[in-house]
Amino acid sequence: MSTYPVFSPASSLAQPITDLTRLTFWLGLGVFLIVALVLGYFMWRYRHRGADGEPGQVFGNTTDEVSWIVAAVLLVAFLLFMTVRVAAASSPATDTRTPDIYVVAHQWYWEFRTPDGAASSGELHIPAGQRVLLDLTSTDVIHDFSAPQLARKIDVIPGQHNRLWIEAAQPGTFSGVCNEFCGPEHAWMRFVVIAEPLAEYRAHQAVQAAAAALPSASNASAVRGAQVFGRVQCGACHQVRGQPSAFPHSGAVGPDLTHFASRRILAGGVLTNTPEHLRQWLRNTQDIKPGARMPTLPLSESEISDLSSYLEALK
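None of the values given here were measured: they were computed from a predicted structure. (Residues numbered from 1 in each chain as written. Predicted model: local features only at pLDDT ≥ 70, side-chain atom pairs only at ≥ 80, totals over all residues. Heavy atoms only, no water.)

Asker: Got a minute to help me understand the overall build of the chain in this structure?
Answerer: Scanning the chain from N- to C-terminus turns up 7 helices and 12 strands. Against the globule reference of 20 Å for 315 residues, the chain gives a C-alpha radius of gyration of 27 Å, more extended than a compact globule. Taking the principal axes of the C-alpha coordinates as reference, the chain spans close to 100 × 45 × 35 Å. In the chain, 63% of the contacts between residues at least 6 apart in sequence involve partners at least 24 apart. Looking at the chain as shown, the accessible area adds up to about 16900 Å², and 62% of this sits on carbon and sulfur atoms. (Helix = DSSP H or I, 4+ residues; strand = E, 2+ residues; numbered from the N terminus. Rg over C-alpha atoms; globule rule 2.2 N^0.38 Å. Contact = heavy atoms within 4.5 Å. Areas by Shrake-Rupley, 256 points an atom, 1.4 Å probe, with all protein chains shown as cover.)

Pasting the structure below:
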């Protein structure tokens, strides 16, 4: 990932935005240098008043004033023209076709779902070299979806469905954030976009659309973890498709955990998804992400270990 992703476009949708950013910077720098040089020249040229004292003062010069105004208007008009061109190039019409991926923003994580039933959190998979149409909405407050290397940003608004094309020219991993302040954990509402060759993308989506496998009987810790999951009512907020119905597994408040172990980040990007980080999260949720909707659960160390084993088995 680039340190400054806006300057490393990776798609034909993001490239015009970067070009306009650079053009605006160089034009602004040019204007600054011209003004600074003219100012410096006159400061040097008239640094001494001379034997005659203060020179005669000039008030108003129609030619100069008209020239400056015309130059400024032409410069602004040129930038407006370029902005309209870039807006058209970076945001093609989305017409009425069915979206490829549905994006739902929550405080503070991103949910991604496809029409075939695949669901993920914090990790958006797309096929490389193809434009993908997103449908975006929010469940709570206004957020802003931004993956600057792949597309323009767009507001995500409760009760409204906005659409956005996104594209990655080559396979790779790209960073994304929320660009609208949405609460105390706004900074930890991140996601990654993983662009894959088409065959790998389809294989991944097939796995993600499938139900979760039951814990193997040989993995006693995971079996106990599934029981802990039910006993503490994790399913009231989280969904794990394909699990027994003896206790709820269909919550929609928190992220879908059906294939939790296949993800790279957890808790909106606060931690990478490793067994140790997962145990830390289960042990001290509010210490790691203060204000997160998930409370710190009163679990024993053995319960945390078993619950972690269960979640790590959801691949």
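Further notes follow.
Asker: Sorry if this is basic, but what is going on with the sheet that holds strand 7 (residues 154-156) here?
Answerer: Pairing between the strands of a sheet comes from backbone hydrogen bonds, and it takes one of two forms, parallel or antiparallel. Pairing is mixed across the open sheet formed by 5 strands, whose spatial order is 4-10-9-6-7. Only two strands of the sheet have a single partner each, and these edge strands are strand 4 (123-127) and strand 7. Taken over all neighbouring pairs, the strand axes of this sheet differ in orientation by 25° on average, direction set aside. Where strand 9 (residues 172-178) and strand 10 (residues 190-196) come together, 6 bridges link them in antiparallel fashion. Bridging from a neighbouring strand, G176 pairs with F191 of strand 10. (Pairing = 2+ DSSP bridges. Axes fitted to C-alpha atoms, helices over the stretch in contact; angles between N-to-C directions.)

Asker: What is the right way to read the packing of helix 5 (residues 275-283) against helix 7 (residues 301-312) from this model?
Answerer: When two helices pack together, their arrangement is given by the angle between the helix axes and by the axis-to-axis distance. The interhelical angle for the contact between helix 5 and helix 7, taken along N-to-C directions, is 130°, at an axis separation of 10 Å. When the axes of helix 5 and helix 7 are compared, the pair comes out oblique. Taken as a pair, helix 5 and helix 7 cross one another with a handedness that is right-handed. Contacts between helix 5 and helix 7 pair P275, L278, R279, L282 and R283 from the former with E301, I304, L307, S308, L311 and E312 from the latter. Broken down by class, the residue content of the contact of helix 5 with helix 7 amounts to 6 nonpolar, 1 polar and 4 charged. (Parallel < 35°, antiparallel > 145°, perpendicular 65-115°, else oblique. Left-handed = near helix turned anticlockwise from the far one by under 90°. Nonpolar A, V, L, I, M, F, W, Y, C, P; charged D, E, K, R; others polar.)

Asker: Honestly, the pattern of salt bridges in this entry has me stumped. Any pointers?
Answerer: Oppositely charged side chains may form a pair once their charged atoms are brought near each other. With the rule as written, the count across this model stands at 11 salt bridges. R231 is the salt-bridge partner of E303, the closest N and O atoms lying 2.9 Å from each other. With E303 in helix 7 and R231 in helix 4 (residues 220-231), the pair connects residues that are 72 residues apart, well separated along the chain. By relative accessible area, R231 is classed as exposed at 52%. Residues E301 and R283 are paired through a salt bridge, measuring 2.8 Å at the closest nitrogen-oxygen approach. Remark: R283 occurs in helix 5 and E301 occurs in helix 7; sequence separation between them is 18 residues. Its relative accessible area of 48% is what places E301 among the partly exposed residues. Under the relative-accessibility criterion, R283 is labelled partly exposed at 28%. (Salt bridge = Lys/Arg side-chain N within 4 Å of Asp/Glu carboxyl O. Buried < 20%, exposed > 50% of the residue type's maximum accessible area, 1.4 Å probe, protein only.)

Asker: What's the story with unusual backbone geometry in this structure? I'm lost.
Answerer: The phi angle of most residues is negative, glycine excepted, and most peptide bonds adopt the trans form. Of note, the amide linkage connecting Q107 to W108 takes the cis form, showing an omega dihedral of 0°. Mapped onto the elements of the fold, W108 is located in the loop between strand 1 (101-106) and strand 2 (109-113). Even without a glycine there, the phi angle at Q233 is positive, about 65°. Residue classification places Q233 among the partly exposed positions, given a relative accessible area of 43%. We note that A267 has phi near 55°; this positive angle belongs to a residue other than glycine. The topology assignment puts A267 in the loop between strand 11 (265-266) and strand 12 (271-272).

Asker: Mind showing me how you'd approach the nonpolar core here?
Answerer: If you look at the biggest cluster of nonpolar residues, it comprises 29 residues, and the most contacted ones within it are W110, L124, L134, F145 and I166. Elements with a minimum of two residues in this core: strand 1, strand 2, strand 4, strand 5 (132-138), strand 7, strand 8 (162-166), strand 9 and strand 10. Discounting chain neighbours no more than four positions away, the residues touching I166 are L13, L124, Q130, R131, V132, L134, F145, A147, L150 and A151. Residues A267, L271, L278 and L314 belong to the second largest nonpolar core, which totals 22 residues. (Core = buried A, V, L, I, M, F, W, Y, C linked by side-chain atoms within 4.5 Å.)

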